[in-house]
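Listed here are the chains, written in short residue letters.
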Amino acid sequence: MKTEFSLAQLADPDIAEADKILRACVHCGFCTATCPTYVLLGDELDSPRGRIYLIKEMLEKDRPPTREVVKHIDRCLSCLACMTTCPSGVNYMHLVDQARVRIERDYTRPLGERLLRAALAWVLPRPDLFRFSMKLARLGRPLLALLPAPKAASVTPTLWRRIKAMLALAPGRLPAPGAAGGSVFAALGARRGRVALLQGCAQQVLAPRINQAAISLLTRHGIEVVLVKDEQCCGALTHHLGRDDDALARARANIAVWLKEAEESGLDAILVTASGCGTVIKDYGFMLREDREFAGPAAKVSALARDITEYVAGLSLRPQQQHGELVIAYHSACSLQHGQKIGELPKELLSKNGFVVKDVPESHLCCGSAGTYNILQPDIASRLRDRKVANIAMVKPDMIAAGNIGCMVQIAGGTSVPVVHTIELLDWATGGPRPELN
Ligand code: SF4
Ligand code: SF4
């Protein structure tokens, strides 16, 4: 794609990066076929190619974002299916991240939406506050029926519709909190390695059992696990809301505590059980590339970050229990398959450990979770969830496995089939307890 940035514009490293990305796009449109919003809405401006044009115009003309641009960028799930499909290697992720920051900086949203986004950005990364808000939301659930119903086929959500979606996501009960930051879990038997396990923010409130399963499996296989004290939310949630000051501050804080831990006690890896977080931590090196103090440390942390399945694959798991040929529908989270290019590995691990793993039709399509997307774009998110659940039902599974808490909550909202994390099944297969079922 031809671009016309001025030399002055290109002096800005972000614009220089955007220029490089835009020039790689050859308008072929292959990406449209796998873009969930284009598949659903059929509008070129809701396709990757359409959005790339909109972002080019906004950045090149140095214009404030228009309502139309914001509408189509907001509808993007950042699922990155387009990056997997693109034959030219267009880094859509870094382009849309930049567009979201520009929108957050230069566009004034209606007051209600500003307040909602500010509340999400404040509450979600703070587990104590998130836990409290979930309890409040549970109390507010009886009000769901009183809120206005969405207009049929609406893809432009009202504030009430978004509040309704938020209340509907609150679980019926919250589990007891898991272990606190600063905890160290010793390896059973001879120690073969030492890792940090990201505690996460929403995940530690909604499903502490996931990290408990990871700790149980790792320690049983000779790995010492530390939950690093003073670790924060990885920044993914605010990063996807375009609030990069917040996201980068969290990244710097995490880099400081993780590298201190690595220097003082040694770390072979920083393990992540929520693939949405893993994708962003692996990108810290890029996000902080212009930061004189943190560029090098950020690159080190990104190199240490591993999805839990990547690390576990190197451990030679010892299967102890067979499960009567349980059929598992494996839901491949977008952040794992498109963001981190980890597609087959979790399925291979499950198969090797006694499960019958089935691919879900249209597995490249997002389930609609996408961070805060299922709150901010509830109607598109619901349509994607229903499509995902219908595809899952086609393989008639006993359980559904996924590697990301957002997907797990989203899918569980549309099916009675139990949804578990891949690591819970692997822990169970290698001597841990049977996963709790939703
Ligand atoms: S990230 Fe996903 S929703 Fe956004 S343009 Fe790419 S494929 Fe479409
Ligand atoms: S597939 Fe890649 S090169 Fe083709 S239009 Fe999409 S982003 Fe551009």
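### A short note on the site of ligand 1
Here is step 1 of the chain: Around ligand 1 lies a shell formed by Cys35, Pro36, Pro48, Arg51, Cys76, Leu77, Ser78, Cys79, Leu80, Ala81, Cys82 and Tyr92.
Here is step 2 of the chain: For the shell around ligand 1, the elements supplying multiple residues, two or more each, are helix 4 (48–60) and helix 6 (81–85).
Here is step 3 of the chain: Residue classes in the shell around ligand 1 are distributed as 10 nonpolar, one polar and one charged.

### A short note on the sheet that holds strand 8 (residues 399–402)
Here is step 1 of the chain: Read across the open sheet, the four strands follow the order 7-6-8-9; overall the sheet is parallel. Looking at which strands have only one partner, the edges of the open sheet turn out to be strand 7 (356–359) and strand 9 (419–421). Strand-to-strand twist in this sheet, taken as the mean axis angle between neighbours without regard to direction, amounts to 35 degrees.

### Concerning the sheet that holds strand 4 (residues 269–272)
Here is step 1 of the chain: On the basis of which strands lie adjacent, the open sheet formed by five strands has the order 1-3-2-4-5 and mixed pairing. Each of the sheet's edge strands pairs with one partner strand only, and the pair in question is strand 1 (184–185) and strand 5 (305–307).
Here is step 2 of the chain: Sheet topology note: the strand 2 (residues 193–197)/strand 3 (residues 223–226) ladder contains four bridges and is parallel. The partner of arginine 194 across the bridge, within strand 3, is glutamate 224.
Here is step 3 of the chain: Helix-sheet contacts for helix 12 (residues 209–220) involve strand 1, strand 2, strand 3 and strand 4, and the interaxial angle to strand 3 is about 150 degrees.
Here is step 4 of the chain: Seen against the sheet, helix 17 (residues 295–304) touches strand 4 and strand 5 and runs at an angle of roughly 25 degrees to strand 5.

### What to know about the site of ligand 2
Here is step 1 of the chain: Taken together, 13 residues lie near ligand 2, and Cys25, Cys28, Gly29, Cys31 and Cys86 sit nearest.
Here is step 2 of the chain: Tallied by class, residues from the shell around ligand 2 come to nine nonpolar, three polar and one charged.

Rules and cut-offs
- Residues numbered from 1 in each chain as written.
- Chains lettered and ligands numbered in written order.
- Predicted model: local features only at pLDDT ≥ 70, side-chain atom pairs only at ≥ 80, totals over all residues.
- Heavy atoms only, no water.
- Near = heavy atom within 4 Å.
- Helix = DSSP H or I, 4+ residues; strand = E, 2+ residues; numbered from the N terminus.
- Nonpolar A, V, L, I, M, F, W, Y, C, P; charged D, E, K, R; others polar.
- Pairing = 2+ DSSP bridges.
- Axes fitted to C-alpha atoms, helices over the stretch in contact; angles between N-to-C directions.
- Contact = heavy atoms within 4.5 Å.

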